[in-house]
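Coordinate analysis (summary)
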Number of protein chains: 2
Amino acid sequence: MRYVNKKLKPSLESKFSDLARSLNKKNKIKYSLGLGEPAFNTPNSVINEAYKAMKLGFTRYSNPLGLKELIDKIKYKSKKENNIYYSGNSVIVTPGAKMALTLALKSILKRGDEVIYFSPCYPSYLPQIILANDSVKPREINLEKKDLSLNFEKLKEKINSKTKAIIINSPHNPSGRMLSFSDFKNLERILKKFPKCFLITDEIYEKLNFSNKKHISAASIRSIKNRTFTINGFSKSFSMTGWRIGYCLANQKLVKKMSLIQQHINTNVPTFTQKAAIHTFKINLKFLKKYNLNLLKNYNFISSEFKNHKNIKVLNSDGGLFCFIDISNLRLKSDKFCYKLLKQYAIAATPGLFFGNQWNNFIRISLAIDNNKFKSAIKKLKKFVNNLKS
Amino acid sequence: MRYVNKKLKPSLESKFSDLARSLNKKNKIKYSLGLGEPAFNTPNSVINEAYKAMKLGFTRYSNPLGLKELIDKIKYKSKKENNIYYSGNSVIVTPGAKMALTLALKSILKRGDEVIYFSPCYPSYLPQIILANDSVKPREINLEKKDLSLNFEKLKEKINSKTKAIIINSPHNPSGRMLSFSDFKNLERILKKFPKCFLITDEIYEKLNFSNKKHISAASIRSIKNRTFTINGFSKSFSMTGWRIGYCLANQKLVKKMSLIQQHINTNVPTFTQKAAIHTFKINLKFLKKYNLNLLKNYNFISSEFKNHKNIKVLNSDGGLFCFIDISNLRLKSDKFCYKLLKQYAIAATPGLFFGNQWNNFIRISLAIDNNKFKSAIKKLKKFVNNLKS
């Protein structure tokens, strides 16, 4: 890979990260506001289902698309909840949502293509584009600093006949912003002029929604449905991050191409893991309502703590696990801010720098911890900020 | 991917495969001689270890290299059994040996490079090369038809300054042939002249060895050790094919590059699966001796059945799960041979055609079935052959 050495950096290379790692090893981080996984454990019934399947011999090679029963459940869910329906083999089960993105990119990208993504974003998007095809030109568009919204004028400027794909993400990491109906209307209008451009929509945080907004799936829009890859999974909703199971929903022609790639690099997702995933559809989702309420409590708390604060602006968050905070009124850049915060208060937050230089005036806070612990951490954070010179 | 549509075909597209699939669905294949996985189940203690780990919370994100305990065990095993030792982080645990190969290829390949592989081979090698970098030129060398040995004169002709990697496999799929000490001496001599060429050695069948030959690891040869990627896993030895866990052993600089790629496309292998793999090192390997004895019995039976047969020549097999059979004296090509065999006797074998047009006079037979069942199948195979016009 041409870019492997030059462009693919580990996501956490800084003085802050060194300190975080070293404190973490010594168990000395008191408040971890950097986590990207739910605080609860994988439900016991899911674990038991996997065990049962292992004992029944679901430990062998299987087909690259996934077990029929799981695919049917995903199709049913997507039709009912997301208003997405394709006929035929329109689902591929993948070892994680990351791999679903990799397969989607690899199935369409050719030399000379361009891919548009929005910054800040999940740090693996850019490396994944490069890894899928190192002859492709990644094109970054910055979200608006005031509210992390998508600026469609910028998109109109950047999109062209070489644009093979646009990657979107809602609820958004790192900001928690959800795309609205009018966002999708704008997107649809632009895509109409570029019929060969695919849309890849990362909806992994779908079920973590603590706003009153309805989650909208891009593929529910008829005019773009057949060129949309919908990426989702079980990691965030059922705390199965380490199980590595996700999926992609798309037109069956696209799924066939992905399946062809999957069979050569992954074979299949372990069938006992798929059996566990099938079980998640039987789980009463009340626990998620409760969990979202906890996320909301944390978000409300940090928002009210810094309401009208002269140096800290908590941006709006609708879902996902995070909120994004503007610290541009402070003299400290995000990496130094987080370094000092960690050193002085043993609180780990994620520097905006990790999302690119242009985000060095922001920090990302995870909402995925216990309410009382979160409150103590935020109070300390406030104390820390108020003691800083602005 | 430029080649996805043109070159990446599903491995089983033929009239034979259609029949095989349809009979398989109806449970009408009596003798499956096509299997690439051991007949025994994953040991119970391995399953229980995975369950224990899940319940203990080993269901979360982890580091892309793998759990330290597993890496230490692999390093110890490789030093003791394979005479391979590197300092530092020289092991990466991957979701299957296929992914280990993908990461190895991706970590080194650049535009303009060439990769040499030998035919017949595991059908995913060529697609994997193309998927790793579609600007790379794959260069195929045919093994010798008489015994599937490696012709070093041909290698000398094909290797050049653009050759970035050579892929070898011992014990070999589909022939079961193991590379000898003199093979490695020849290889070493050639590689000396091309210091920038890497060696990727697929040793997944290492423990399935029913010959008197010692398995030799390429990385035990000092002069090529630091440019060798050794690929291995738990699938074949412990019947964990569907678990998707393998590993690659290499110089720590190479492993670092692989890890950088893995973190962006796979995150990590499920830690409960890694815990299960750790447990395999505690298992008494007597069961494997017994299993290899069964493979040998099957191999000896088919060899003696067709000894001095005018139309069938069973090639020598030392290990792995297969033997390769020369049917060139018959009028039937492999796909038609297998089609008729399946139709008339409900016996599924793998047509040599699947390994390329040049192998259409061969068929592959899996040794991985119960001895008595194998005997019946081979007797029927003999009857089938003797009834054919030659």
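Presented here is an overview of the structure given in this document. None of these values were measured; they are calculated from a predicted model.

1. Quick look at the overall build of chain A
Secondary structure summary: chain A contains 13 helices and 13 strands in total. Taking 390 residues into account, the globule formula puts the C-alpha radius of gyration at 21 Å, and chain A, at 21 Å, falls close to it. Projecting the C-alpha coordinates of chain A onto the three principal axes gives extents of approximately 60 × 50 × 45 Å. Within chain A, buried positions represent 62% of all 390 residues.

2. Comments concerning the sheet that holds strand S13 (residues 362-366) of chain B
In a beta sheet, neighbouring strands pair by backbone hydrogen bonds and run either parallel or antiparallel. Residues and elements named next belong to chain B. Across the sheet, four strands lie side by side as S9-S10-S13-S12; this open sheet has antiparallel pairing. Every other strand in the sheet has two partners, leaving strand S9 (313-314) and strand S12 (350-351) as the edge strands with one partner each. Sheet topology note: the S12/S13 ladder contains two bridges and is antiparallel. Bridge pairing in S13 links Thr350 to Arg364.

3. Section: the relation of the copies chain A and chain B
Once turned by 180° and shifted 0.0 Å along the axis, chain A lies on chain B with an RMSD of 0.0 Å. Considering both components of the superposition, the chain copies are consistent with a two-fold axis. When each C-alpha of chain A is compared by its distance to the rotation axis, Tyr51(A) comes out closest, at 3.0 Å. In this assembly the copies share their binding face: 100% of the residues contributing to the interface of chain A also contribute to that of chain B.

4. With respect to the side chain of Ser237(B)
Mapped onto the elements, Ser237(B) comes out in the loop between strand S7 (228-233) and strand S8 (246-249). Excluding residues that lie within four positions of it along the chain, Ser237(B) makes contacts with Phe40(B), Lys207(B), Phe287(B) and Leu288(B).

5. Quick word on the environment of Val385(A)
Residues and elements named next belong to chain A. Following the sequence through the fold, Val385 ends up in helix H13 (residues 371-387). Overall, Val385 belongs to the buried group, its relative accessible area being 1%. Note: C-alpha distance between Val385 and Ile363 (22 residues apart in sequence) is 13 Å. Residues in contact with Val385, not counting those within four places in the same chain, are His309, Ile312 and Phe337.

6. Let's talk about the sheet that holds strand S9 (residues 313-314) of chain A
All names here are of chain A. What the four strands build is an open sheet, ordered S9-S10-S13-S12; its pairing is antiparallel. Each having just a single partner strand, S9 and strand S12 (350-351) make up the two edges of the open sheet. For strand S10 (residues 322-326) and strand S13 (residues 362-366), the ladder comprises five bridges, and the chain directions are antiparallel. Note on S13: the bridge partner recorded for Cys323 is Ile365.

7. Points about the pattern of salt bridges
This model, assessed by the stated rule, comprises 30 salt bridges over all chains. Between Glu49(A) and Lys52(A) there is a salt bridge, and its shortest N-O distance comes to 3.7 Å. Taken as a pair, Glu49(A) and Lys52(A) lie in helix H3 (residues 44-55) at a separation of three residues, close to a single helical turn. Among the salt bridges present, the one from Arg139(B) reaches Glu114(B), with a minimum N-O distance of 3.1 Å. On the criterion of sequence distance, the pair formed by Arg139(B) in strand S4 (residues 137-142) and Glu114(B) in strand S3 (residues 114-119) is long-range, its members being 25 residues apart. The class for Glu114(B) is buried, based on a relative accessible area of 5%. Salt bridges sharing common partners tie together Lys77(A), Glu81(A), Glu206(A) and Lys207(A).

8. Here we look at the packing of helix H2 (residues 15-25) of chain B against helix H13 (residues 334-345) of chain B
Residue and element names in this part refer to chain B. As a packed pair, H2 and H13 sit with axes 9 Å apart at the nearest point and diverge in direction by 25°. Considering the angle they form, H2 stands roughly parallel to H13. Every pair of crossing elements has a handedness; the one defined by H2 and H13 is left-handed. Side by side, H2 and H13 meet where Lys15, Phe16, Leu19, Ala20 and Leu23 of the first sit next to Asp335, Cys338, Tyr339, Leu342 and Lys343 of the second.

9. Observations regarding a positive patch on the surface
All names here are of chain A. Together, Lys15, Arg331, Lys336, Lys340, Lys343 and Lys389 line one region of the surface with positive charge. Broken down by element, the positive patch gets its largest block of residues, three residues, from helix H12 (residues 334-345). Within the element layout of this structure, Arg331 appears in the loop between S10 and H12.

10. So, the environment of Ser366(A)
Residue and element names in this part refer to chain A. Mapped onto the elements of the fold, Ser366 is located in strand S13. Here the alpha-carbon distance between Ser366 and Leu321, two residues 45 residues apart in the chain, equals 5.7 Å. The residues touching Ser366, leaving out its near neighbours within four places in the chain, are Leu33, Gly34, Leu35, Leu321, Phe322 and Phe374. At 3.1 Å, the side chain of Ser366 forms a polar contact with the backbone nitrogen of Ala368.

11. A short note on the interface of chain A and chain B
At the junction of the two partners, chain A supplies 60 residues and chain B supplies 60 residues. For the pair chain A and chain B, the summed buried surface comes to about 5200 Å²; carbon and sulfur atoms form 53% of the total. Counting the contacts that link chain A with chain B gives two salt bridges. A salt bridge links Arg60(A) to Glu37(B); its shortest N-O distance comes to 3.9 Å. Scanning the region where chain A abuts chain B turns up 30 residue pairs in polar contact (both at pLDDT 80 or more). The set of elements that each furnish at least two residues to the side of chain A that touches chain B consists of helix H1 (3-6), H3, helix H5 (97-108), helix H6 (125-132), helix H9 (252-265) and helix H10 (271-280) of chain A. In terms of residue class, the side of chain A that touches chain B is made up of 26 nonpolar, 21 polar and 13 charged.

12. Considerations on the packing of aromatic side chains
One pass over the full model with this rule turns up 33 aromatic pairs over all chains. Consider the rings of Phe337(B) and Phe384(B), whose centres lie 5.2 Å apart with planes at 80°: the pair is edge-to-face. Of the two residues, Phe337(B) is situated in helix H13 and Phe384(B) in helix H14 (residues 371-387); the sequence distance between them amounts to 47 residues. An identical accessibility class is assigned to Phe337(B) and Phe384(B); each is buried. Put simply, the rings of Phe40(A), Phe238(A), Phe287(A) and Tyr291(A) pair up and form one aromatic cluster.

How each quantity is defined
- Think of each chain on its own: its residues are numbered from 1, step by step along the sequence as written.
- All chains are assigned letters beginning with A, and all ligands numbers beginning with 1, in the order in which they are written.
- In keeping with the model being predicted, local features are shown solely for residues with a pLDDT of at least 70 and side-chain atom pairs are shown and tallied solely at 80 or more, while totals for entire chains, interfaces and linings include all residues.
- Derived side-chain values reflect all non-hydrogen atoms in the structure, with water molecules and hydrogen atoms excluded from consideration.
- What counts as a helix is a DSSP run of H or I of at least four residues, what counts as a strand is a run of E of at least two, and both are numbered from the N terminus.
- Only C-alpha atoms enter the radius of gyration, while the globule expectation follows 2.2 Å times N to the 0.38, with N the number of residues.
- Three exposure classes are used, based on accessible area relative to the maximum for each residue type with a 1.4 Å probe and protein chains only: buried under 20%, partly exposed in between, and exposed over 50%.
- In this analysis, strands are considered paired if DSSP registers two or more bridges between them.
- For this overlay, a least-squares fit was computed on C-alpha atoms, restricted to residues scoring pLDDT of at least 70 in both copies.
- Note on contacts: a residue pair qualifies if any of its non-hydrogen atoms lie within 4.5 Å across the two residues.
- Salt bridges, as used here, are contacts in which a Lys or Arg side-chain nitrogen is within 4 Å of a carboxyl oxygen on Asp or Glu.
- Axes here mean lines fitted to C-alpha atoms, for a helix over just the part in contact, with angles spanning 0 to 180 degrees between N-to-C directions.
- Any angle between 65 and 115 degrees counts as roughly perpendicular, while under 35 counts as roughly parallel, over 145 as roughly antiparallel, and the rest as oblique.
- Each crossing is labelled by how the near helix is turned from the far one, with a counterclockwise turn of less than a right angle marking it left-handed and a clockwise turn marking it right-handed.
- Two joining distances apply to patches: 9 Å for like charges and 5 Å for nonpolar side chains (Val, Leu, Ile, Met, Phe, Trp, Tyr), and every residue must have over 30% relative accessible area and no salt bridge.
- Values of accessible area rely on a 1.4 Å probe in the Shrake-Rupley scheme; residue burial ignores everything except the protein chains shown.
- In this tally, Asp and Glu contribute negative charge and Lys and Arg positive charge; neither His nor the terminal groups of the chain are included.
- The location of each charge is read from NZ of Lys, CZ of Arg, CG of Asp or CD of Glu.
- Think of a polar contact as two N or O atoms within 3.5 Å of one another; within protein, one of them needs to be a possible hydrogen donor and the other a possible acceptor, and neighboring residues in sequence only count if both atoms come from side chains.
- As a working definition, buried area equals the accessible area (1.4 Å probe) given up by two parts on being put together, with both sides summed.
- By the convention adopted, Pro, Cys, Tyr, Trp, Phe, Met, Ile, Leu, Val and Ala count as nonpolar, Lys, Arg, Asp and Glu as charged, and the other residues, Gly among them, as polar.
- Put simply, two rings from Phe, Tyr or Trp (the six-membered ring, in Trp's case) pair if the centres are within 6.5 Å, and we call them stacked under 30 degrees between planes, edge-to-face over 60, tilted for the rest.

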